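# Geometric and topological summary
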Amino acid sequence: MDVSGAHKDRGELRIHENSDELSTDLADYIAELSEVSVKERGVFAIALSGGSLIRLMGKLCEAPYNKTVDWAKWYIFWADERVVARNHSDSNYKLAKEGLLSKVPIVPSHVHSINDSVSAEKAAEDYEFAIRQLVRTRIVSVSEISDCPKFDLILLGMGSDGHVASLFPDHSVLDEKDEWVTFITDSPKPPPERITFTFPVINSASNVAVVVTGSSKAEALRSAINNVGPECSSLPARMVQPTKGKLVWFLDRPAASKL
Ligand code: 6PG
């Protein structure tokens, strides 16, 4: 693995030779953050995304992590979710359930998925309400700077257009400052209806990791990390800038080929 400090303001870059190496490093990183958080706060509040991320987290279900991680202390959230039934093939919950949550001893009541029987607008509202309750009891910490929830770790993927979570280029929700969770009904990546954390929440996290693989993402990654290209400052991936938290990029060689 190459660890580059060349783009310090854009976080740490961990460039891997293959997805096996990346998966092991990602599992080590998550297990370590979980340990630190459980030691400091007694719990670990982690937000997932959809896409290839869950497959790349797969090593967590294997030895040694399946035995060494304190799964009972994990609280699971989604940085974004598609507004479909929980058993729908598009559901990020279903993806995570089948790929991870069903394979490790996570407490079912600690898994905070969206209300899948209401509109996108109501689902976003309900999800924010649920997070507010958990902030009140400090299961989710709070940022003293922004008053937003401070997740111990938010895991993001990135699309080839530079989107993260369900924050797509040029969308008005990129500027959302008040809501913690918002909704869209016009996602360019199907399905169209989604809820998503907003940037104030993403950037209030203690740790944010963006996991990006494949050559189709190389150009957007270059804009996001090297700050080049048209309108790079409003590229969603570029807007991931934790205020006090730590940002780490998990990349493979093809994704990193234009850096
Ligand atoms: C979603 C995601 C989305 C995803 C990226 C990258 O629900 O669609 O959360 O933000 O992480 O599109 O997906 P891939 O890693 O599969 O390219």
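By convention here, each chain's residues receive numbers from 1 onward along its written sequence. Under the rules for a predicted model, residues below a pLDDT of 70 receive no local features and side-chain atom pairs below 80 are neither given nor counted, while totals for whole chains, interfaces and linings still include all residues. Note: side-chain values were computed over all heavy atoms of the structure, leaving out hydrogens and water.

### Observations regarding the overall build of the protein
In DSSP terms, a helix is any run of H or I states spanning at least four residues, a strand is any run of E spanning at least two, and both are numbered starting from the N terminus. Across its full length, the protein carries 8 helices and 12 strands. When we talk radius of gyration, it's over C-alpha atoms, and the globule rule is simply 2.2 Å times the number of residues to the 0.38. A globule of 259 residues ought to have a C-alpha radius of gyration of about 18 Å, and the protein, at 17 Å, matches this closely. Only protein chains enter the accessibility calculation, which uses a 1.4 Å probe. A residue is then buried if its area is under 20% of the maximum for its type, exposed if over 50%, and partly exposed in between. Burial statistics for the protein: of 259 residues in total, 55% are counted as buried. Residues are treated as being in contact if the distance between any of their heavy atoms lies within 4.5 Å. Excluding contacts between residues fewer than 6 apart, the proportion of contacts in the protein whose partners are at least 24 apart in sequence is 73%. A positive count includes Lys and Arg, and a negative count includes Asp and Glu. His and the chain ends are not counted in either. Charge placement uses NZ in Lys and CZ in Arg. For Asp and Glu, CG and CD serve respectively. Separation between the mean location of the 29 positive side-chain charges and that of the 36 negative ones in the protein comes to 4 Å.

### Brief notes about the nonpolar core
The definition of a nonpolar core used throughout is a set of buried Ala, Val, Leu, Ile, Met, Phe, Trp, Tyr and Cys residues joined through side-chain atoms within 4.5 Å. Of all hydrophobic cores here, the largest spans 92 residues; its most connected members are Ile30, Phe77, Phe197 and Trp249. Counting residues per element, this core draws most heavily on helix H1 (residues 19–41), at 8 residues. Sequence-distant contacts of Trp249, defined by excluding residues within four places in its chain, comprise Arg10, Glu12, Leu13, Arg14, Val210, Val212, Leu221, Ala224, Ile225 and Ala237.

### Digging into the confidence of the model for the protein
Mean pLDDT over the protein: 95, with 97% of residues reaching 70 or higher. One number per residue, pLDDT, summarises how confident the predictor is, and it ranges from 0 to 100. Mean pLDDT across the elements of the protein ranges from a minimum in strand E1 (residues 2–4), with 74, to a maximum in strand E8 (residues 153–157), with 99.

### Considerations on the pairing of strand E3 (residues 44–48)
Most of E3 is tucked away: 5 of the 5 residues are buried. Of the two faces of E3, both are covered, the one formed by Phe44, Ile46 and Leu48 as well as the one formed by Ala45 and Ala47. Strands pair, by our definition, only if DSSP identifies at least two bridges between them. Two strands pair when backbone bridges link them, and E3 and strand E4 (residues 74–78) are joined in this way by 5 bridges, in the parallel orientation. Looking at the pairing, Leu48 lines up with Trp78 of E4. Here E3 pairs with E8 via 2 bridges, running parallel. Residue pairing across strands places Ala47 opposite Ile154, the latter belonging to E8.

### What to know about H1
To estimate the expected span of a helix, subtract one from its residue number and multiply by 1.5 Å. Here H1 contains 23 residues, and its C-alpha end-to-end distance of 32 Å stays within 8% of the 33 Å for a straight helix at 1.5 Å per residue. Within the span of H1, buried status applies to Leu22, Ser23, Asp25, Leu26, Ala27, Tyr29, Ile30, Ala31, Leu33, Ser34, Ser37 and Val38. Two or three places before Asp20, at the start of H1, stands the capping residue Asn18, its side-chain oxygen 3.2 Å from that residue's backbone nitrogen. Count one or two residues on from H1 and you reach Gly42, which has phi positive near 85°. Side-chain atoms alone can form a polar contact between residues adjacent in sequence; in general such a contact is a pair of N or O atoms within 3.5 Å, and within protein one must be able to donate a hydrogen while the other accepts it.

### Focus: helix H4 (residues 92–99)
Because an α-helix completes one turn every 3.6 residues, residues spaced three or four positions apart along the sequence face the same direction. Buried within H4 are the following residues: Asn92, Tyr93 and Ala96. Taken down its axis, H4 places every buried residue within 105° of arc, on the same side. Lining the buried residues of H4 we find E3, helix H2 (53–56), E4 and strand E5 (80–82). N-cap assignment for H4: the residue whose side-chain oxygen lies 3.1 Å from the backbone N of Tyr93 is Ser91. Arc, as used here, means the arc of the directions from the helix axis to the C-beta atoms.

### As for the site of the ligand
Put simply, a residue is near a molecule or strand once any heavy atom of it comes within 4 Å of that molecule or strand. Close contacts around the ligand come from 14 residues, with Ser52, Asp80, His163, Ala165 and Lys189 the closest. Lys217 is positioned such that a nitrogen or oxygen atom in its side chain is 2.7 Å from an oxygen atom of the ligand. In this description, accessible areas are obtained by the Shrake-Rupley approach with a 1.4 Å probe, and a residue is regarded as covered only by the protein chains that are shown. Computed on the free molecule, the ligand has an accessible area of 420 Å², of which 89% lies beneath the protein chains in the complex.

### Some points on unusual backbone geometry
With an omega of 0°, the peptide bond between Ala63 and Pro64 qualifies as cis. Here Pro64 shows up in the loop between H2 and helix H3 (65–68). Between Pro190 and Pro191 the backbone carries a cis peptide bond, its omega angle lying at 0°. Checked against the element boundaries, Pro191 lands in the loop between strand E9 (181–184) and strand E10 (194–197). Of note, Arg138 is a non-glycine position whose phi angle comes to about 65°, a positive value.

### Observations regarding the sheet that holds E10
Read from one edge of the open sheet, 3 strands run E5-E10-E9, paired in antiparallel fashion. At either margin of the open sheet sits one strand with a lone partner, and together these are E5 and E9. Averaged over all neighbouring strand pairs, the angle between strand axes comes to 20°, with direction disregarded. One ladder, built from 3 bridges, connects E5 with E10; its direction is antiparallel. Following the sheet pairing, Asp80 is matched in E10 by Thr196. Between N-to-C directions, angles cover 0 to 180 degrees, with each direction set by a line fitted to C-alpha atoms, over the stretch in contact for helices.

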